[in-house]
Amino acid sequence: MKVLVMAKAPVPGLAKTRLGAVIGHDAAADLAAAGLLDTLAVCREAGADGVIALTGDLDAAKRADEIRTALADWTIIWQRGDGFAERLANAHFDAGPGRLVQVGMDTPQLTAANLQSASRALDDYDTVLGPAHDGGWWGLGLRDPADAQALRGVPMSTPQTCEDTRKALIDRGVSVGLVETLRDVDTVEDAEIVAAAAPHTRFARTWASKGVHP
């Protein structure tokens, strides 16, 4: 199984800005770093071949040394393009041929079972979506990375992004399966819920250390 992680360097003021507006940008970036490290660890647990598409200055990021260590055996590519939809499509191309499951760094509660479920679903469908509670999606599995071109016309970060993505893939002529729905961490409420659901994670321990409650 190959996993592509779309990630932004957790730099204060640039990562998790909605959360940072409430709890402070330094704390929000630290939580983003913890969530990224959790995601990388789960990919390793799942036995995945890891590719990470990065943007931002890792030298200025929280937990930069930990992140570099975690990425020691990963393939690192750099995001390119205008807008997130274009960067997604390009990252799938740059990750190389073959089926893969793409995730972000906003679901630190992600498990190896979630990744394996999405990968298995590609036995039955050309593409697979993992919906998010906010109307987006946390995961996208593709048999053929060329099908990521369907993303270019999809508005991202809206309450209809998952459904718009599903329709765009169907319009391309590929079948779409759905797997588990997860919660992205964007707000204080999201962070509280995710930390409670996955208390074993770095994210949960970091959240507890901040002493923030909704």
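The subject of this paragraph is the overall build of the protein chain. Within the protein chain, the regular secondary structure consists of eight helices and seven strands. In terms of C-alpha radius of gyration, the protein chain reaches 16 Å, essentially the compact-globule figure of 17 Å for 214 residues. A total of 214 residues make up the protein chain; the buried ones form 55% of that total. Look at the contacts in the protein chain between residues 6 or more apart in sequence, and 69% of them connect residues 24 or more apart. With an accessible surface of roughly 9300 Å², the protein chain has 50% of that area assigned to carbon and sulfur atoms. Taking the average place of the 21 positive charges on the side chains of the protein chain and the average place of its 29 negative ones, the gap between the two points comes to 1 Å.

Right, let's talk about the packing of helix H2 (residues 25-45) against helix H8 (residues 202-210) for a bit. Running from N to C, H2 and H8 cross one another at 160°; their axes reach a closest spacing of 8 Å. By the angle class used here, H2 and H8 are roughly antiparallel. Note on packing geometry: the crossing formed by H2 with H8 is right-handed. Contact residues: Ala 27, Asp 30, Leu 31, Ala 34, Gly 35, Leu 37, Asp 38 and Ala 41 in H2; Arg 202, Phe 203, Thr 206, Trp 207 and Lys 210 in H8.

We now examine unusual backbone geometry. One non-glycine residue, Lys 16, lies in positive phi territory at about 50°. In this structure, Ser 157 is a non-glycine residue whose phi angle is positive, near 60°.

Time to look at the nonpolar core. In a soluble, globular protein the nonpolar side chains are often hidden away together inside. One finds Val 5, Leu 36, Ile 52, Val 103 and Leu 115 to be the most contacted residues of the largest nonpolar core, which totals 36 residues. Secondary-structure elements contributing two or more residues to this core are strand S1 (2-8), H2, strand S2 (49-55), helix H3 (64-70), strand S4 (100-103) and helix H5 (112-121). A total of seven residues in this core trace back to one element, the largest contributor, which is H2. In this structure, Ala 53, Leu 100, Ala 150 and Ala 168 belong to the second largest nonpolar core, which totals 24 residues.

Looking now at the sheet that holds S1. The mixed open sheet is built from seven strands, whose spatial order is S3-S2-S1-S4-S6-S5-S7. Each having just a single partner strand, strand S3 (75-78) and strand S7 (176-178) make up the two edges of the open sheet. For this sheet, the mean inter-axis angle between neighbouring strands, taken without regard to orientation, is 20°. As paired elements, strand S5 (residues 127-131) and strand S6 (residues 137-142) share five bridges and run antiparallel to each other. Within S6, the position partnered with Pro 131 by the bridge is Trp 137. Sheet contacts for helix H4 (residues 84-94): S1, S2, S3, S4 and S6; angle to S1, the most-contacted strand, approximately 145°. Across the face of the sheet, helix H6 (residues 161-172) comes into contact with S5, S6 and S7 while running at roughly 170° to S5.

Parameters at a glance
- Residues numbered from 1 in each chain as written.
- Predicted model: local features only at pLDDT ≥ 70, side-chain atom pairs only at ≥ 80, totals over all residues.
- Heavy atoms only, no water.
- Helix = DSSP H or I, 4+ residues; strand = E, 2+ residues; numbered from the N terminus.
- Rg over C-alpha atoms; globule rule 2.2 N^0.38 Å.
- Buried < 20%, exposed > 50% of the residue type's maximum accessible area, 1.4 Å probe, protein only.
- Contact = heavy atoms within 4.5 Å.
- Areas by Shrake-Rupley, 256 points an atom, 1.4 Å probe, with all protein chains shown as cover.
- Lys, Arg positive; Asp, Glu negative; His and termini not counted.
- Charge placed at Lys NZ, Arg CZ, Asp CG, Glu CD.
- Axes fitted to C-alpha atoms, helices over the stretch in contact; angles between N-to-C directions.
- Parallel < 35°, antiparallel > 145°, perpendicular 65-115°, else oblique.
- Left-handed = near helix turned anticlockwise from the far one by under 90°.
- Core = buried A, V, L, I, M, F, W, Y, C linked by side-chain atoms within 4.5 Å.
- Pairing = 2+ DSSP bridges.

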